[in-house]
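Observations on the three-dimensional arrangement
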Amino acid sequence: MGIPSDDVVLIQLPKGPSEPTVVTVNCPDKPGLGCDLCRIILEFGLSIARADFSTDGRWCYIVFWLVPNVSNSSRIDWESLKNRLVSICPSCLLPFYYFNQQGGDGNGNQNSTLSSSVYLLKLCCLDRKGLLHDVTKILSELEFTIQKVKVMTTPDGRVVDLFYITDGMELLHTKQRRDDTTAHLITVLGKYCISCELQLAGPEYESMKAFSSLPPAVAEELFSYELADKEASSKELKADLMALKKATVTIDNQLSPVHTLLQIQCVDQKGLFYDILRTSKDCDIQIAYGRFSSSLRGYRNMDLFIRQADGKKIVDPKHQIALHSRLKEEMLHPFRLLIVNRGPDTELLVANPVELSGKGRPRVFHDVTLALKMLGICIFSAEIGRHSTSDRQWEVYRFLLDDSCEFPLASSQARNRIVDRVRRILMGW
């Protein structure tokens, strides 16, 4: 029957504002569980200050020390976080989440519409600076994940926003959840909101999965380039790049008779532990024990005892080189940013790797729109799509930016400021 949900995830709130919240997960193990837990933590706008991880292949025990992200100003709903974490742990007694995942009403009754389906939120608003981020922030607070978005500005100063969303609470199949969502958006947006509709997405969602393709030259520059000192657009970015390049990855098969020791030292950045566990999950690597140490002078140390899916150590030099290269890339380039001309317009491109499971990185759209709002830059249109390269799939965010006297986008200095600010918000610096 499983184990009681109250014992699966324990949350110890801090006694003081400077202390972290301690979250303990104790449950049966499954492949990629650590990555899935980190993903939910990121969705709630939290950073992992420390972590201890251990599993014998059957049972998993993880302790997270959590602090709010610098870019997160929202109140954390700890009870909801606990429910979300418990919902992905195997063999838990959670009838509410079980039936909702099956499309039921929580009482054992099955609905014809799956609660995990994609819904379309259509907003029509009067345009203003920061509007897109404000809507995105509201959706994040309500635990919605933006799967796709299409933002269009009309000549008469109105904005039509199409958000294709899924519900982390898995309740959008209920009329109450839909009504509460639209009412909250209308209230918060106030006089700027003209109309707000929320309904199950139709077949048009499938056609939106592939947006207008990137020009080959732009795609090559976005996904193939490596940042060099000469490409650094500011003194701050040059210093950041110098720190990033100090990352080291060591693979040792001598210390343990049954595990390969993976030691990582690199500059601290938001989502770092998620990136490491995502890479391990995608490479089918099991982590038996891991320690993600506290940041010391801006750097992190990680010790991971790992093995292949067949239970053996990683001794093949080709596999070691591939793992080493992949991890270094994740630490050096967790995001790809580029500003290009799109006809007469200026377009900001942001890309990040997609998990093999098909899930994109949480809160990227939130953080990019926050950075642009902080700079006072209006977004004329925006969209999210996927792009495949030879070795992986990427989620690509495209923003057409409005020119202004305060921020002339033809200026290389202005473009450099945009790239610097967006990168620092995404990295949590």
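Please read these numbers as outputs of a predicted model, since none were measured by experiment.

**A closer look at the overall build of the chain**
When you go through the chain residue by residue, the secondary structure sums to 13 helices and 18 strands. A buried classification covers 54% of the 429 residues belonging to the chain. The contacts in the chain between residues at least 6 apart in sequence include a share of 68% that link residues at least 24 apart. As displayed, the chain has an accessible area near 19,800 Å², and 52% of this comes from carbon and sulfur atoms.

**Examining the pairing of strand β7 (residues 119-126)**
The buried count for β7 comes to six of eight residues, which makes it a mostly enclosed element. Pairing between β7 and strand β9 (residues 158-167): eight bridges, direction antiparallel. Bridge pairing in β9 links Leu126 to Arg158. Pairing of β7 with strand β10 (residues 193-200) involves seven bridges; the strand directions are antiparallel. The residue bridging Cys124 from the neighbouring strand is Ser195, located in β10.

**Describing the pattern of salt bridges**
Tallied over the full model, the rule gives 26 salt bridges. Note that Glu143 and Arg84 form a salt bridge whose closest N and O atoms lie 3.4 Å from each other. Remark: Arg84 occurs in helix α3 (residues 78-87) and Glu143 occurs in the loop between α5 (131-141) and β8 (144-153); sequence separation between them is 59 residues. As far as the burial class goes, Glu143 and Arg84 line up, both buried. A salt bridge links Arg158 to Asp156; the shortest N-O distance between them is 3.7 Å. By sharing partners, the salt bridges in this structure join Asp275, Arg278, Asp282, Arg326, Glu329, Glu330, Arg336, Arg361 and Arg392 into a single network.

**Thoughts on the confidence of the model for the chain**
Detailed reading of the predicted model is not advised wherever pLDDT is low. Considering every residue of the chain, the mean pLDDT works out to 87; 87% of them sit at 70 or more. Note that residues 93-115 has pLDDT below 50 and, in this model, 45 contacts with residues that lie over four places away or in other chains. The model gives residues 227-232 a pLDDT under 50, and that stretch makes 14 contacts with residues more than four places away or in other chains.

**Focus on the packing of helix α2 (residues 33-43) against helix α10 (residues 272-282)**
Contact pair α2 / α10: the axes reach a minimum separation of 8 Å and the direction vectors enclose 145 degrees. When you trace α2 past α10, the crossing you get is left-handed. Of the residues in α10, those in contact with Gly34, Cys35, Asp36, Cys38, Arg39 and Leu42 of α2 are Phe273, Tyr274, Leu277, Arg278 and Lys281. The residue makeup of the contact of α2 with α10, split by class, is six nonpolar, one polar and four charged.

**Regarding the sheet that holds strand β4 (residues 46-55)**
On the basis of which strands lie adjacent, the open sheet formed by eight strands has the order β2-β3-β5-β4-β13-β14-β12-β11 and antiparallel pairing. The strands lining the two open edges of the sheet, one partner per strand, are β2 (9-12) and β11 (248-252). Between one strand axis and the next, the sheet turns by 25 degrees as a mean value, whatever way the strands run. In this structure, β2 lies alongside strand β3 (residues 21-28), joined through four bridges in antiparallel fashion. Residue pairing for β3: Ile11 is matched across the bridge by Val23. Here α2 sits on the sheet in contact with β3, β4 and β5 (59-68), set at roughly 20 degrees to β5.

**Comments concerning the nonpolar core**
Counting 51 residues, the largest nonpolar core has Phe163 and Ile418 as the members making the most contacts within it. Setting aside anything within four residues of it in sequence, one finds Phe163 in contact with Tyr119, Leu120, Leu121, Leu123, Leu132, Val135, Thr136, Leu139, Ile146, Lys148, Val149 and Phe365. Listed in part, the 47 residues of the second largest apolar core include Leu42, Leu272, Phe292 and Leu327.

**Remarks on the sheet that holds strand β16 (residues 345-353)**
Pairing within the open sheet is antiparallel, and its eight strands lie in the order β10-β7-β9-β8-β17-β18-β16-β15. A strand with exactly one partner marks an edge of an open sheet, and here the two such strands are β10 and β15 (336-342). For this sheet, the mean inter-axis angle between neighbouring strands, taken without regard to orientation, is 25 degrees. As defined by bridge partners, β8 adjoins strand β17 (residues 379-388) across two bridges and the pair is classed as antiparallel. Residue pairing for β17: Val151 is matched across the bridge by Ala382.

What counts and how
Residues numbered from 1 in each chain as written. Predicted model: local features only at pLDDT ≥ 70, side-chain atom pairs only at ≥ 80, totals over all residues. Heavy atoms only, no water. Helix = DSSP H or I, 4+ residues; strand = E, 2+ residues; numbered from the N terminus. Buried < 20%, exposed > 50% of the residue type's maximum accessible area, 1.4 Å probe, protein only. Contact = heavy atoms within 4.5 Å. Areas by Shrake-Rupley, 256 points an atom, 1.4 Å probe, with all protein chains shown as cover. Pairing = 2+ DSSP bridges. Salt bridge = Lys/Arg side-chain N within 4 Å of Asp/Glu carboxyl O. pLDDT = per-residue confidence, 0-100. Axes fitted to C-alpha atoms, helices over the stretch in contact; angles between N-to-C directions. Left-handed = near helix turned anticlockwise from the far one by under 90°. Nonpolar A, V, L, I, M, F, W, Y, C, P; charged D, E, K, R; others polar. Core = buried A, V, L, I, M, F, W, Y, C linked by side-chain atoms within 4.5 Å.

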